[in-house]
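Structural features, examined
So the chains spell out like this:
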Amino acid sequence: MFAKETYVARRRQLKESVGSGLLLFLGNDECGMNYEDNTYNYRQDSSFLYFWGLSYAGLAAVIDIDEDREIIFGDELTIDHIVWMGTQPTLHEKAQRVGVTETLPLAELKKYVEKVVAQKRTVHYLPPYRAEHRLKLMDLLGVKPGAEMPSIPFIKGIVNLRNYKTEEEIAEIERACDVTAEMHLEAMRVLRVGMKEHEVAAALEAVAQVHGCNLSFPTIATVCGQTLHNHYHGHTVKEEEMLLVDAGAETAMGYAGDMSSTICAGKKFTSRQKDIYDIQVAAHQAAVNALKPGVYFRDVYDLSCRVICEGLKGLGLMKGNPADAVEQGAHAMFFPCGLGHMMGLDVHDMENLGEVWVGYDGQPKSTQFGRKSLRLARKLEPGFVLTIEPGIYFIPELMDYWKAEHRFTDFINYEKLESYRDFTGLRNEEDYLITATGARRLGKKIPLTTEEVEAMR
């Protein structure tokens, strides 16, 4: 964890932002995979980590702004716990590490919350994303699951702190990005025709473990890149296929890396693969070159979409004016997802708090297919950490659906498109920090162009 002064300062800033009431933080509990004692790998709630720094199950915390109290709630380990888990610091010792002097047993949390409610003071809480959080809110506040009303001032206060990464956070994210890059380089080194996808996944995931990291999300390693989040790893890699890898490392402190690469199965890409891949790289580099403070990310997205449409028009797959195609949404046949997202303690940073606050600064999202999946659109500012990941995908189901409905016939050459039904899809992804004058890539560089990838093969 960081020095206790970091957490003290963060909590002070949050108190000043929200102004009054009780800020309720629910830590994560252990979760059994198939029975209680056989648990998933533990991961603390990210906002709890950000303000309290403690990656232990069974904790909750409050900031009572009105009474100027900060309390961590939890229970001390019994001898039975110690037999199985070993000796650990006491709750009070844990709290002191992050500048908190007051601790109480977990059972006291309900009494404290009930007192605040009786005083007709506001209890601020965050959107629950786990069933256990919903049950706790029902017990503490009588809020029925599905009827939660999270505190907007609380959400905005957190977003306006976590969106701006400090130097110590950037150093930790860069460490995650360096390990992430090594994972992708290992995939490029080991991939061979005839391997199973899971063999490549195993090799790159071992790199994370060697460096003392967890995975920041489940690995994608697939020859079916047209499925955007494909976690099946059972295919055998064949000659003239491409393996799309989307994988990232998470440091022990919880900070994430997130990169993608597309690798030719053999020594070289086919000419058709290279044609599409080069268009993707052009869109990627155009987006990177446009990153700087004051630029709206939605405009960077539009730019990358226009580059894709222009390139596909050159291949005869699209027609008409690329700008018009993007404005009307025809580009989403090939690029139905967003260009990037914020990244930090979450690989999609603070996604549970709502993209409208994290990525849109309170402005409404588009409902247009493709554009509605853009997680980030707001004006860029120094300290933002984000991904750049344009892709080009050939999704047979989408092709058939739009063709049957005669959608965008002024922009899409469906006759030519039919010959690309088996192409699958590709993307590349890098992580960037917005600086005072532009942007800086985080982490070691991984091969991006076809020439760079082929040099690794």
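Once a new chain begins, its residue numbering starts again from 1 and follows that chain's sequence as written. It should be noted that, the model being predicted, local features are given only for residues of pLDDT at least 70 and side-chain atom pairs only at 80 or more, the latter also being counted only at that level, while totals for whole chains, interfaces and linings use all residues. To obtain the side-chain values, all non-hydrogen atoms of the structure were used and water was disregarded.

Quick look at the domain arrangement of the protein
- Domains are outlined according to an automatic or database domain assignment. Its domain assignment divides the protein into domain 1 (4-162) and domain 2 (167-455).
- Relative to domain 2, the C-alpha centre of domain 1 lies at a distance of 35 Å.
- When checking whether two residues touch, look at their non-hydrogen atoms; a contact exists if any pair is within 4.5 Å. If you look at the interface, domain 1 gives 18 residues, while domain 2 gives 16 residues.
- Buried area is calculated as the accessible area (1.4 Å probe) missing from two parts once they are joined, with the contributions of both summed. Roughly 1400 Å² of surface becomes buried between domain 1 and domain 2 when both sides are summed, with 54% attributable to carbon and sulfur atoms.
- The largest contributions to the domain 1 side of the interface with domain 2 come from Arg43, Val159 and Arg162, which together make up 36% of the buried area.
- The salt bridge definition used is simple: a Lys or Arg side-chain nitrogen within 4 Å of an Asp or Glu carboxyl oxygen. The tally of links between domain 1 and domain 2 comes to four salt bridges.
- Here aspartate 349 makes a salt bridge to arginine 162, at a shortest N to O gap of 3.1 Å.
- Only helix 1 (4-18), helix 2 (46-52) and helix 7 (152-162) provide two or more residues apiece to the side of domain 1 that touches domain 2.
- Think of it this way: any DSSP run of H or I at least four residues long counts as a helix, any run of E at least two long counts as a strand, and we number them from the N terminus. Per-element tally for the side of domain 1 that touches domain 2: the top contributor is helix 7, with six residues.

Some thoughts on the packing of aromatic side chains
- Here the aromatic set is Phe, Tyr and Trp, taking the six-membered ring for Trp, and pairing holds for ring centres within 6.5 Å; pairs whose planes are under 30 degrees apart are stacked, those over 60 apart are edge-to-face, and all others are tilted. The final tally for this structure, using the stated rule, is 17 aromatic pairs.
- Aromatic pair tyrosine 301 and phenylalanine 335: ring centres 5.8 Å apart, planes at 40°, arrangement tilted. Of the two residues, tyrosine 301 is situated in helix 11 (residues 297-314) and phenylalanine 335 in the loop between helix 12 (322-328) and helix 13 (355-358); the sequence distance between them amounts to 34 residues. Neither residue differs from the other here; tyrosine 301 and phenylalanine 335 are each classed as buried.
- Here the aromatic residues Phe25, Phe48, Tyr50, Phe51, Trp52 and Phe154 are joined through ring pairs into a cluster of three or more. Relative accessibility decides the category of a residue: with a 1.4 Å probe and only protein chains considered, values under 20% of the type maximum give buried, values over 50% give exposed, and everything between is partly exposed.

Here we look at the side chain of threonine 450
- Mapping threonine 450 onto the fold places it in helix 16 (residues 450-456).
- The contact partners of threonine 450, leaving out residues within four places of it in the chain, are Phe269, Lys274, Tyr277 and Asp278.

A closer look at the pairing of strand 1 (residues 22-26)
- In terms of burial, strand 1 is a largely internal element, five of the five residues being buried.
- The alternating pattern of strand 1 places Leu22, Leu24 and Leu26 on one face and Leu23 and Phe25 on the opposite face, and all of these are buried.
- Summarising the sheet, strand 1 and strand 7 (residues 123-124) pair through two bridges and their orientation is parallel. The partner of leucine 22 across the bridge, within strand 7, is valine 123.
- Strands qualify as paired when DSSP identifies two bridges or more between them. As paired strands, strand 1 and strand 4 (residues 60-64) are joined by five bridges and run antiparallel to one another. Pairing of leucine 26 across the sheet is with alanine 60, part of strand 4.

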